[in-house]
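These are the residues of each chain, in order.
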Amino acid sequence: MLKTPAADAVNTGWRLALMGAAWPAGAALQLREPTLQSIQAYGVCAASGLLLIAVSVLTRRHRWLCALACALGLALLAFGATGGRASWRLAETLPASIEGQDLQITGVVASLPQRSSSGLRFRFEVDPSMQGGQPVTVPSIVSIGWYHGFHEDATLSAPQLELRAGQRWQFTVRLRRPHGLSNPHGFDQELQSFEEGVRAIGSVRDVPAPQLLDRAAAHPVERLRQRMRDAIEAAVPDRRAAGVLTALAVGDQSSIDREDWDLFRRAGIAHLVSISGLHITMFAWLAGAVIGALWRRSVRATQWIAAPTAALWGGFAVAWVYSVFSGWGVPAQRTVWMLGTVVLLRSAGLRWPWPLVLLSAATVVTALDPWALLQPGFWLSFVAVGLLMVSGNSKVMSAANGQTPDVDLDLHDTAAVHPPSPHWRGGIAKLRGVMSGGLQTQVVATLGLTPLTLVIFQQLSLVGFVANLVAIPVITLIITPLALLGSVAPVLWAAGAWVVSALASWIGWLAGAPAAVWSVGVAPWWAQAAGLLAAAVLLMPLPWRVRALAVPLVLPLLLPPRELPALGQFEVVAADVGQGTAVIVRTRHHVMVYDAGPQYSPDSDAGQRVLLPLLRSRGDHRIDLLMLSHRDTDHVGGASALLRDLPIGDLVSSIEDLHPLRLEARWRSMPTSRCRAGQQWNWDGVRFEVLHPSGDDYAAALRPNMMSCVVRVQGSGASVLLTGDIERDQEIRLLREHREALRSDVLLVPHHGSKTSSSAAFLDAVAPQVAVFQAGHRNRYGHPADEVLARYRERGIDILVSPSCGAWTWRSEPTGVDQRGGCERVQVPRYWHWRTESVGVR
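My aim in this report is to walk through the structure given alongside it, one point at a time. Being a predicted model, the structure only gives us computed values, none of them experimental. (Residues numbered from 1 in each chain as written. Predicted model: local features only at pLDDT ≥ 70, side-chain atom pairs only at ≥ 80, totals over all residues. Heavy atoms only, no water.)

For the chain, the helix and strand inventory stands at 32 helices and 28 strands. For 842 residues, the compact-globule estimate of 2.2 N^0.38 gives 28 Å, and the chain sits close to it at 30 Å. With respect to the principal axes defined by its C-alpha atoms, the chain has extents near 100 × 70 × 60 Å. Counting all 842 residues of the chain, 50% fall into the buried class. Residue pairs at least 24 apart in sequence account for 70% of intrachain contacts in the chain once pairs closer than 6 positions are excluded. Of the roughly 38,600 Å² of accessible surface on the chain, a fraction of 62% belongs to carbon and sulfur atoms. (Helix = DSSP H or I, 4+ residues; strand = E, 2+ residues; numbered from the N terminus. Rg over C-alpha atoms; globule rule 2.2 N^0.38 Å. Buried < 20%, exposed > 50% of the residue type's maximum accessible area, 1.4 Å probe, protein only. Contact = heavy atoms within 4.5 Å. Areas by Shrake-Rupley, 256 points an atom, 1.4 Å probe, with all protein chains shown as cover.)

What follows is the structure, encoded as structure tokens:
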């Protein structure tokens with residue numbers, strides 16, 4: 001049977017697709033390794049891949065066999081290359097012997113200092129360093145914090161105000177290896193540090209005083225960004241408007257306050273107020289259209305380079321310049337590499353189908369940054385473009401093939417086909433076309449990205465469609481150009497600020513609608529796959545009876561099945577919140593949150609950063625009982641975020657009546673009460689009993705730790721004792737009044753393992769099988785104390801410490817205590833994660 005050219009082209013396309021998917025697949029496989037192999041092993045993989053590629057290229061028979069061999073070779077090469085790069089980065093780890101020690105380092109401020117309410121943070125390129133007059137090995141790039149205090153009225157000192165990008169400084173710092181919180185489905189801070197090449201994190205010491213050595217040592221682009229940020233803030237008094245203009249002009253997202261970020265996320269436009277692929281691509285498209293139009297006006301220019309080629313490369317150059325000026329962040333880099341791939345394919349005369357274009361771009365991006373595969377922005381960008389192409393949007397398809405629709409128009413041919421019309425009618429027709437195209441694009445993007453957004457973030461803005469219809473053109477075509485052009489004519493910043501204020505007011509009204517955000521729990525893998533398939537089926541040019549299958553396909557993602565405890569059983573999650581306490585207890589139909597973790601800074605706390613995402617990912621959208629053991633900030637720091645963002649049935653605590661949290665709860669018409677010994681209730685066959693404090697303790701003016709609410713949770717097969725920050729005197733009292741009620745399988749260790757708690761008699765009475773220490777990594781209190789750990793080890797109690805365990809999840813089913821629980825760092829190990837020799841046990 002003779003092969004037709006069309007059939008041969010199809011086969012060639014499939015072979016190219018197979019080879020295009022091989023590199024990302026090989027890189028993705030390496031990213032799943034819990035620990036790295038030897039550098040020699042990665043070298044063998046890479047060499048084997050090169051050999052297979054060479055054999056497949058030199059062999060002309062059996063095309064499919066050669067394609068398979070080439071794909072396998074590319075996958076092996078990607079695996080080896082990614083592993084080799086990871087080994088090189090891990091080799092630059094800070095030595096454990098100098099963690100927490102005073103080091104004198106000299107270097108250059110390599111990034112725009114990021115500001116927060118507690119101080120400054122910036123990347124620092126380190127020169128050779130000293131400790132005690134002796135040279136020490138320090139990673140070449142570190143992230144440094146220079147703080148001024150926790151209080152709201154604290155201000156930057158004179159040296160801090162003088163800090164600018166590109167300056168050379170000498171600091172005395174204390175460094176540590178990157179370590180972030182580890183919670184189910186939570187943000188991986190250690191991955192971000194690893195991807196950015198930051199191998200140590202530290203803080204500046206005030207003594208000896210930091211010294212500015214050179215005001216303009218390096219990084220001219222960063223210095224220019226710094227000057228522009230300073231100029232915007234000087235010209236625009238409105239803090240919100242100045243923050244948005246700064247974020248769009250120079251990529252400084254720290255200029256936007258937390259409250260504004262919450263508003264933009266709720267409205268579904270957070271991606272528009274940071275430098276994203278949308279802004280960069282729009283700049284490329286507009287620049288290409290302008291350059292192409294101007295190029296056609298010059299005969300000499302068109303004789304040198306064709307106008308479409310000039311438009312392609314000119315648009316790409318503008319995108320690259322804008323990305324560099326905006327900070328050259330990882331999302332911007334991904335977009336530039338993707339655009340560069342498309343421009344190269346188009347310039348080479350290759351008019352590939354859109355799947356091959358996307359695969360080629362993905363291969364280039366993952367070759368340059370393999371860890372991009374783990375970032376939501378990578379998938380959102382590629383899926384958005386792919387869905388628009390699948391839906392048949394001709395403008396997007398032509399852009400993906402390297403064309404700009406306006407550049408390739410021949411005005412003479414257009415006039416010949418369409419008779420002249422009055423100018424105003426032509427303008428109305430063009431406007432109608434633009435609006436129709438924008439509406440179609442937004443519909444496609446909203447429907448297509450909804451399943452992926454729910455898979456990644458477990459929540460969706462229900463007002464995002466309307467908000468983006470207005471915000472996309474306003475921010476992209478009005479505010480962003482004004483933010484950039486203001487560097488030439490500062491009066492334009494005032495105009496941009498007015499537009500920002502008007503848009504923010506409208507967005508605030510829109511986001512204030514009831515049920516503006518839809519949240520779901522994390523769905524099982526098969527429900528996620530079905531939801532993504534539903535988006536493709538709905539948007540593909542298929543008969544509507546086939547598209548209707550998208551509805552049953554997406555339902556398991558919208559209403560995911562949940563594994564809830566059986567009646568009489570319960571589940572405990574000891575969240576990883578740093579130096580503080582936060583525990584989630586779930587029965588079949590109820591949720592109790594015991595303590596809300598610490599407040600990290602005036603604009604960041606465990607409620608917002610840990611508990612809300614954790615509860616939503618578990619499908620828990622209501623807290624039946626919030627119990628705050630006592631008033632210390634490391635136990636109630638995140639409570640306000642919970643009160644604000646989730647419905648809460650009851651607030652029970654030992655905090656005083658006029659405490660701001662009690663007042664806020666009453667303002668929200670929320671029932672409040674005190675915890676008292678003797679209180680009991682039963683949820684779904686699980687018994688809860690308060691053992692401390694007594695009612696008389698509230699009149700004794702005791703210290704907050706002594707007033708900690710102590711709760712015992714008893715299921716049909718196991719029990720847990722939650723102790724807050726009680727100390728030795730309270731333990732003795734519990735032994736005297738409730739000795740028989742203390743025995744429990746799991747003990748939340750009193751006071752994070754302080755020397756003032758965990759007396760021998762108390763441990764003997766509780767007799768736990770597992771002890772959970774919730775404490776911060778390298779915390780300044782030394783929790784847990786060595787002598788306390790020794791008492792637990794003497795009794796054969798399993799010890800779990802949150803810095804090395806992460807969040808600990810435990811079920812009360814009677815299947816053996818060792819089979820019930822698991823540490824997040826053990827269940828999801830990755831080679832870039834911080835680790836000790838024995839994960840979870842200290």
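Take the packing of helix α8 (residues 258-267) against helix α19 (residues 491-511) next. In a packed pair of helices, the relevant descriptors are the angle between the two axes and the axis-to-axis distance. Packing of α8 against α19 leaves a shortest axis separation of 9 Å and a crossing angle of 65 degrees. Here the hand of the crossing between α8 and α19 comes out left-handed. Across from Leu263, Arg266 and Ala267 in α8, the residues of α19 making contact are Ala504, Ile507, Gly508 and Ala511. A breakdown of the residues in the contact of α8 with α19 according to their chemical character gives five nonpolar, one polar and one charged. (Axes fitted to C-alpha atoms, helices over the stretch in contact; angles between N-to-C directions. Left-handed = near helix turned anticlockwise from the far one by under 90°. Nonpolar A, V, L, I, M, F, W, Y, C, P; charged D, E, K, R; others polar.)

Turning our eyes to something else, we now look at the state of the cysteines. Taken as a whole, this structure holds two disulfides when the rule is applied. Here Cys675 is linked by a disulfide to Cys709, with a sulfur-sulfur distance of 2.0 Å. Taking the torsion about the sulfur-sulfur bond, which here is approximately -70 degrees, the covalent link between Cys675 and Cys709 counts as left-handed. Taken together, the positions of Cys675 in the loop between β19 (672-674) and β20 (680-683) and Cys709 in the loop between β21 (686-692) and β22 (710-714) put the pair 34 residues apart, joining distant regions of the chain. We note that Cys675, like Cys709, is buried. Across a sulfur-sulfur distance of 2.1 Å, Cys805 and Cys823 are joined as a disulfide pair. (Disulfide = S-S within 2.5 Å.)

Bringing the sheet that holds β22 into the picture now. Pairing in this open sheet of seven strands is mixed, and the strands run β20-β21-β22-β23-β24-β25-β26 from one edge to the other. Among the strands making up the open sheet, the edge pair consists of β20 and β26 (798-801). Mean inter-strand twist for the sheet, computed between neighbouring axes without regard to direction, equals 15 degrees. Here β20 runs beside β21; their pairing, made up of four bridges, is antiparallel. (Pairing = 2+ DSSP bridges.)

Taken as a whole and judged by the stated rule, the model has 22 aromatic pairs. Consider the rings of Phe194 and Trp371, whose centres lie 5.2 Å apart with planes at 80 degrees: the pair is edge-to-face. Of this pair, Phe194 sits in helix α5 (residues 189-195) while Trp371 sits in the loop between α13 (354-368) and α14 (376-390), and the two are 177 residues apart along the sequence. The pair formed by Phe194 and Trp371 is uniform in burial state, with each residue classed as buried. (Phe/Tyr/Trp six-rings, centres within 6.5 Å; stacked < 30°, edge-to-face > 60°.)

With respect to the helices and strands, the residue Arg225 is situated in helix α6 (residues 220-235). Arg225 sits in the buried class, given a relative accessible area of 5%. A polar side-chain atom of Arg225 sits 2.7 Å from a polar atom in the side chain of Glu222. Not counting chain neighbours up to four residues away, the residues in contact with Arg225 comprise Leu112, Val250, Gly251, Asp252, Val324, Phe325, Ser326 and Gly327. (Polar contact = N/O pair within 3.5 Å; in protein donor to acceptor, adjacent residues only side chain to side chain.)

We now examine helix α26 (residues 660-667). Looking at α26, one finds that the buried residues are Leu661, Arg662, Glu664 and Ala665. Here the buried residues of α26 occupy an arc of 160 degrees about the axis, which is enough to place them on one side. Along α26, exposed side chains directed more than 90 degrees from the buried face belong to Pro660 and Trp667. Phi for Ser669, located one or two positions after α26, is positive at around 60 degrees. (Arc of directions from axis to C-beta.)

What follows deals with unusual backbone geometry. Omega for the peptide link from Val207 to Pro208 comes to -5 degrees, which places this bond in the cis form. Mapped onto the fold, Pro208 is located in the loop between β8 (201-204) and β9 (211-214). Note that the residue after His692, namely Pro693, is joined by a cis bond; omega there is 0 degrees. Of note in the backbone geometry, Ala515 takes a positive phi value of approximately 55 degrees without being a glycine. Relative to the helices and strands, Ala515 resides in the loop between α19 and β11 (517-519). Given a relative accessible area of 58%, Ala515 falls into the exposed group. In the Ramachandran plot, His751 falls in the positive-phi region, its phi being about 55 degrees despite a non-glycine side chain. Residue position: His751 is located in the loop between β24 (746-748) and α28 (760-766).

Looking now at the pattern of salt bridges. Inspection of the entire model under this criterion finds 34 salt bridges. Note that Asp102 and Arg205 form a salt bridge whose closest N and O atoms lie 3.8 Å from each other. With Asp102 in strand β1 (residues 102-109) and Arg205 in the loop between β8 and β9, this residue pair connects regions lying 103 residues apart in the sequence. Owing to a relative accessible area of 36%, Asp102 belongs among the partly exposed residues under this scheme. We classify Arg205 as partly exposed; its relative accessible area is 30%. One salt bridge connects Arg687 with Glu689, and the closest N-O pair in it is separated by 3.3 Å. Since its relative accessible area comes to 33%, Arg687 is described here as partly exposed. By relative accessible area, Glu689 is classed as buried at 11%. Taken together, the shared-partner salt bridges connect Arg562, Glu571, Arg586, Arg618, Asp620, Arg811 and Glu813 into one network. (Salt bridge = Lys/Arg side-chain N within 4 Å of Asp/Glu carboxyl O.)

Our next topic: the sheet that holds strand β17 (residues 625-628). Pairing in this open sheet of eight strands is mixed, and the strands run β19-β18-β17-β14-β13-β12-β27-β28 from one edge to the other. The sheet terminates laterally at β19 and β28 (821-823), the two strands that pair on one side only. Pairwise comparison of adjacent strand axes, ignoring direction, gives a mean angle of 15 degrees for this sheet. Both strand β27 (residues 808-811) and β28 contribute to a ladder of three bridges, which runs antiparallel. Bridge assignment links Trp808 to a residue of β28, and that residue is Cys823. Against the sheet, α26 makes contact with β17, β18 (651-653) and β19, and its axis sits at roughly 145 degrees relative to β19, the strand it touches most.

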